[in-house]
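Report on the structure
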Amino acid sequence: MEGLVELKTTKTGNGNTTVSNRPEWWLAGQQQAKARYEALPMPKRKDEAWRFASVQNLDLAPYQPAVSVSDAERARILEASVMCFEAAGHAVFANDQLLSFQGANDELQKKGVIFEPISEALAKHPELLKKHFMEQPVVLGSEKFAALHRAQCNNGILLYVPKNVQVKLPLAAWHWLSGANGAVFPHTLIIAEANSEVTFTDFYRSLDEQPGLAVSVTDLLVGDGAKVNYLCCQSWSEQALSFQLCSTLVGKDAYAKSLNFNLGGIFSRIESHSRLAGTGARSEMLGLSVCHGKQEFDQRTLQDHLAPNAWSDLLYKNALNHRAKSIFEGLIKVEVGAKQTDAYQTNRNLLLSGDAEADSMPGLEIANDDVKCSHGATTGQISSEELFYMLQRGIPRHEANYLISVGFTEEVLERFGNAEINEQLREMIADKFRRGKNVKVEAAGDEAIDETNVRSLQGTV
Amino acid sequence: MSCIEIRNLHANIEGREILKGLNLTLPKGEVHALMGPNGSGKSTLSKVMAGHPDYQVTAGEVLLDGENILEMEPDERARKGLFLAFQYPSEIPGVTIANFIRAALQARLSEGEELDAVEFYQNLYKKMDALEMDRAFTSRAVNDGFSGGEKKRNEILQMAMLEPSYAVLDETDSGLDIDALRIVADGVNRLRGPKLGSLVITHYQRLLNYIVPDHVHVMVQGRIVRSGGKELALELEAKGYEWVIKEAGLEVTPEPANG
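Residues numbered from 1 in each chain as written. Chains lettered and ligands numbered in written order. Predicted model: local features only at pLDDT ≥ 70, side-chain atom pairs only at ≥ 80, totals over all residues. Heavy atoms only, no water.

Within chain B, the regular secondary structure consists of 8 helices and 12 strands. Relative to a compact globule of 259 residues, whose C-alpha radius of gyration would be 18 Å, chain B shows 18 Å and is just as compact. Burial statistics for chain B: of 259 residues in total, 52% are counted as buried. When the accessible surface of chain B is totalled, it reaches about 11,500 Å², and 45% of it is carbon and sulfur. Taken together, the 28 basic and 39 acidic charged side chains of chain B have centroids lying 3 Å from each other. (Helix = DSSP H or I, 4+ residues; strand = E, 2+ residues; numbered from the N terminus. Rg over C-alpha atoms; globule rule 2.2 N^0.38 Å. Buried < 20%, exposed > 50% of the residue type's maximum accessible area, 1.4 Å probe, protein only. Areas by Shrake-Rupley, 256 points an atom, 1.4 Å probe, with all protein chains shown as cover. Lys, Arg positive; Asp, Glu negative; His and termini not counted. Charge placed at Lys NZ, Arg CZ, Asp CG, Glu CD.)

Below, the structure is given as structure tokens:
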């Protein structure tokens, strides 16, 4: 952690990010964030916001800002940055530096759509960044990591969609991490003005199976009547530490849908905060993690209902093999005045091994009575009846387990609803399960996780 | 000999003996009905034959074309040609009918052999049409949100696609209205022939009006107590089970709530 505090806020090497083209307010913000980062304590086990998380493993000392990639790495990265859907524009970053960029087409540019790397946007659209960059509240426990992100962030995407503009094809960004113990700080800021529509996907990936650190922030500002679909497809190295903070501000009659799709990282903290700020706002919050080995996915969510007649629906599913662990802590908060709120929260965990662990803490906090809210969590293994049914059709056991596990993930993809993007996610899920067969994890032994560690809470209001 | 031969089969669930020395021979090419009061062990027999892990076989054999299948895993028994149409088929969220049946057919091919997708869909659609199933069903998750009738049709569809040598149909008529019953029975009748032996388990004679059996067996308290021709089913319908139980020298006990 000391290494990161001391690190320079600028990059050297062949990158296009130097201190000279940074506005003063940006640099001042970095300095303040640095001070904040230093002042804030590291999370501790007893912190309510970090309950059950393996915080004792969160040592940031080994990590340094990732350096520029070599030509050979660059070639491999560009070759692997493949999308199986057509995009209206995309950017490829490696170690926070822009490798390749295909901007929004002329038609979108004429309509005023801004799709720029933040390194460029700082010069071209400073007013937008000054107004919106890191302006969303961080309330779910990662204030320290948000400060680190602000202090270190050099790149990412600014996407601005003007009023009434519909962007039909998705836009995408790739963020690659390359080299051992490198740190990256991807940022995504999407501003969708009234009645606009856009879909955006972030792909987070590591070039090799090496340790690394990623602290990313995504802010979605969804104007009145606008519609934003966002996917964060996280497949960092399974040795990486990842902190992923997503916040959504949903205006009147606007619709936000986000999917946190997680495959990578040894420890991944995912915070997702949706504020339903306008009457009739709608927010769909989806999460899907497929984990194996000793991976840990720590997910904290908040559905904050500030305005009346709003709807939010959260579905987080985790499939866990070997000694993997998931934590889900979710809160539906209905503020005074948020009458006729419709809010739902579901967490489902599939344990594919007796040593996997799923902690689930759904919650409700309701400040008025004219609401419909429910939450529920289930944790279980593959049903023996489902398995027997498949075996009776002649499907071998390993194949039956695989089909049922993949089937478990389908519900989330169906809810996400983008057929082209889903195809890519399905391939990644299949690949993850295939790799899972080769993962060797030592027997649980002394630290054996007994059945009582599998918590399952359920409740309905 | 091409048959399923069950010899002196004893089986327990949770320490309680349900099958108590059952003998039955089902030759290929025939349809046998297995009738009996609730709680006589009919469904248990189907599950034991298929290898359900909740049941322990304590004695006896089940020979499929001369080979004892009781030591085999359930999937191996299925690939040997045994099919069970479930009374309560499981719902499998997220796995489409098409993918499910494909996986089952693929499992029957030798290593390196790939199922021909075009042929598969042609065959699937043909069989769905015969069962009056909408083609949209292929992309629906297996039994997920299906009505009782849709589930049973899906069972018969799988049977038609997998072409087993022996099929056990466990209370396939339960929960069906008369139209659905006719469609399901027609589906089974189409599969009748020299290559298939069927054991039709039913509590009521009604189904046997549509699927006319070659033989009828009556099961009481874990054993076959009487066998006969199709007229035996009519006799049971008219007179109930009590007389058979008494003739077998067994005590008549009140029927438990479920079979």
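For the rest of this paragraph, the subject is the overall build of chain A. Check the secondary structure of chain A and you find 10 helices and 22 strands. For chain A, whose C-alpha radius of gyration is 21 Å, the value lies close to the compact-globule estimate of 23 Å for 461 residues. Seen along its three principal axes, the alpha-carbon backbone of chain A occupies a region of about 65 × 55 × 45 Å. Taking as baseline every contact in chain A between residues at least 6 positions apart, the subset at least 24 positions apart corresponds to 85%. Chain A carries 46 positive and 58 negative side-chain charges, and their two centres are separated by 1 Å. (Contact = heavy atoms within 4.5 Å.)

What follows covers the sheet that holds strand E3 (residues 31–35) of chain B. Note: strands within a sheet are paired through backbone hydrogen bonds, in either parallel or antiparallel orientation. Residues and elements named next belong to chain B. The 6 strands lie next to each other as E6-E9-E10-E3-E11-E12, forming an open sheet whose pairing is mixed. Sheet topology places strand E6 (82–85) and strand E12 (223–228) at the edges, where each strand pairs with a single neighbour. When strand polarity is set aside, the average angle formed by the axes of neighbouring strands in this sheet is 20 degrees. Its contacts with the sheet place helix H5 (residues 148–162) against E6 and strand E9 (166–170), and it is angled at close to 165 degrees to E6. (Pairing = 2+ DSSP bridges. Axes fitted to C-alpha atoms, helices over the stretch in contact; angles between N-to-C directions.)

As enumerated under the stated definition, the model contains 32 salt bridges over all chains in all. The partner of Glu91(B) in a salt bridge is Lys151(B), and the shortest N-O contact between them spans 3.3 Å. Taken together, the positions of Glu91(B) in the loop between E6 and strand E7 (92–96) and Lys151(B) in helix H5 put the pair 60 residues apart, joining distant regions of the chain. Classification of Lys151(B) by relative accessible area gives buried; the value is 18%. A salt bridge links Arg192(B) to Asp214(B); the shortest N-O distance between them is 3.7 Å. Of the two residues, Arg192(B) sits in the loop between helix H6 (178–191) and strand E10 (197–201) while Asp214(B) sits in the loop between E10 and strand E11 (215–220), which places them 22 residues apart along the sequence. With a relative accessible area of 29%, Arg192(B) lands in the partly exposed category. Look at Asp214(B) and you get partly exposed, because its relative accessible area is 35%. When salt bridges that share partners are traced, they join Arg269(A), Glu271(A), Asp298(A), Arg300(A) and Glu329(A) into one network. (Salt bridge = Lys/Arg side-chain N within 4 Å of Asp/Glu carboxyl O.)

Further remarks concern the environment of Glu113(B). Residues and elements named next belong to chain B. In this fold, glutamate 113 is placed in the loop between helix H3 (97–106) and helix H4 (117–130). Glutamate 113 gets classed as partly exposed once you look at its relative accessible area, which sits at 39%. Among the polar contacts made by the side chain of glutamate 113, one reaches the side chain of serine 110 at a distance of 2.7 Å. (Polar contact = N/O pair within 3.5 Å; in protein donor to acceptor, adjacent residues only side chain to side chain.)

So, about helix H10 (residues 419–436) of chain A. All names here are of chain A. With 18 residues, H10 should cover 26 Å at 1.5 Å per step; its first-to-last C-alpha distance of 25 Å lies within 8% of that length. Looking at H10, one finds that the buried residues are Ile421, Asn422, Gln424, Leu425, Met428, Ile429, Ala430, Lys432, Phe433 and Gly436. One side-chain oxygen at the N-terminal end of H10 lies 3.2 Å from the backbone nitrogen of glutamate 420; it belongs to asparagine 418. (Expected span 1.5 Å × (residues − 1).)

Across the contact, 17 residues belong to chain A and 33 residues belong to chain B. With both sides pooled, the region where chain A packs onto chain B buries about 2,000 Å², and carbon together with sulfur makes up 64% of that total. Of all residues in chain A, Phe388(A), Tyr389(A) and Arg393(A) bury the most surface against chain B, accounting for 39% of the area lost on that side. Inspection of the chain A/chain B interface yields 2 salt bridges. Glu73(B) is the salt-bridge partner of Arg397(A), the closest N and O atoms lying 3.1 Å from each other. Of all elements in the fold, only helix H8 (384–392) and helix H9 (397–416) of chain A reach the threshold of two or more residues within the side of chain A that touches chain B. The element that contributes the greatest number of residues to the side of chain A that touches chain B is H8(A), accounting for 7 residues. (Buried area = accessible area lost by both parts, 1.4 Å probe.)

All names here are of chain B. Here arginine 77 shows up in helix H2 (residues 74–79). In sequence terms arginine 77 and glycine 51 are 26 residues apart; their C-alpha atoms lie 7.9 Å from each other. One polar contact links the side chain of arginine 77 to the main-chain carbonyl oxygen of methionine 49, over a distance of 2.9 Å.

What the rule picks out here adds up to 21 aromatic pairs over all chains. Relative to Trp311(A), the ring of Tyr255(A) has its centre 6.4 Å away and its plane inclined at 15 degrees; by these criteria the two rings are stacked. One end of the pair, Tyr255(A), is in strand E13 (residues 255–262); the other, Trp311(A), is in strand E17 (residues 311–320), and 56 residues separate them in sequence. Residue Tyr255(A) shares its accessibility class with Trp311(A), and that shared class is buried. Taken together, Trp50(A), Phe145(A), Phe243(A) and Phe267(A) form an aromatic cluster joined through their ring pairs. Directly above the aromatic system of Phe408(A) lies the positively charged group of Lys317(A), at a separation of 4.3 Å from the ring centroid. Residue placement shows Arg140(B) over the ring face of Phe137(B); its charged tip is 4.9 Å from the ring centre. (Phe/Tyr/Trp six-rings, centres within 6.5 Å; stacked < 30°, edge-to-face > 60°. Lys NZ or Arg CZ within 6 Å of the ring centre and 35° of its normal.)

All names here are of chain A. Here histidine 125 shows up in the loop between helix H5 (118–124) and helix H6 (126–132). Of the residues examined, histidine 125 reaches a relative accessible area of 17% and is grouped as buried. Each residue touching histidine 125, except ones within four places of it in the same chain, is listed here: Ile114, Glu116 and Leu158.

Moving on, we get to the side chain of Asp219(A). All names here are of chain A. Topologically, aspartate 219 is positioned in strand E10 (residues 212–222). Although aspartate 219 is buried, it makes no salt bridge; arginine 275 carries the closest opposite charge, 7.9 Å away. Within the local environment of aspartate 219, its side chain forms a polar contact with the side chain of serine 247, the two groups lying 2.7 Å apart. Among all residues touching aspartate 219, those that are not within four sequence positions of it are Met134, Gln136, His187, Thr188, Leu189, Ile190 and Ser247.

All right, on to the sheet that holds strand E4 (residues 55–64) of chain B then. All names here are of chain B. Across the sheet, 4 strands lie side by side as E2-E1-E4-E5; this open sheet has antiparallel pairing. Bordering the open sheet on either side are strand E2 (16–27) and strand E5 (67–68), each of which pairs with just one other strand. Note: E4 against E5, 2 bridges, orientation antiparallel. Note on E5: the bridge partner recorded for leucine 63 is asparagine 68. Taken strand by strand, helix H1 (residues 42–50) contacts strand E1 (3–13), E2 and E4, and its axis lies near 105 degrees from that of E1.

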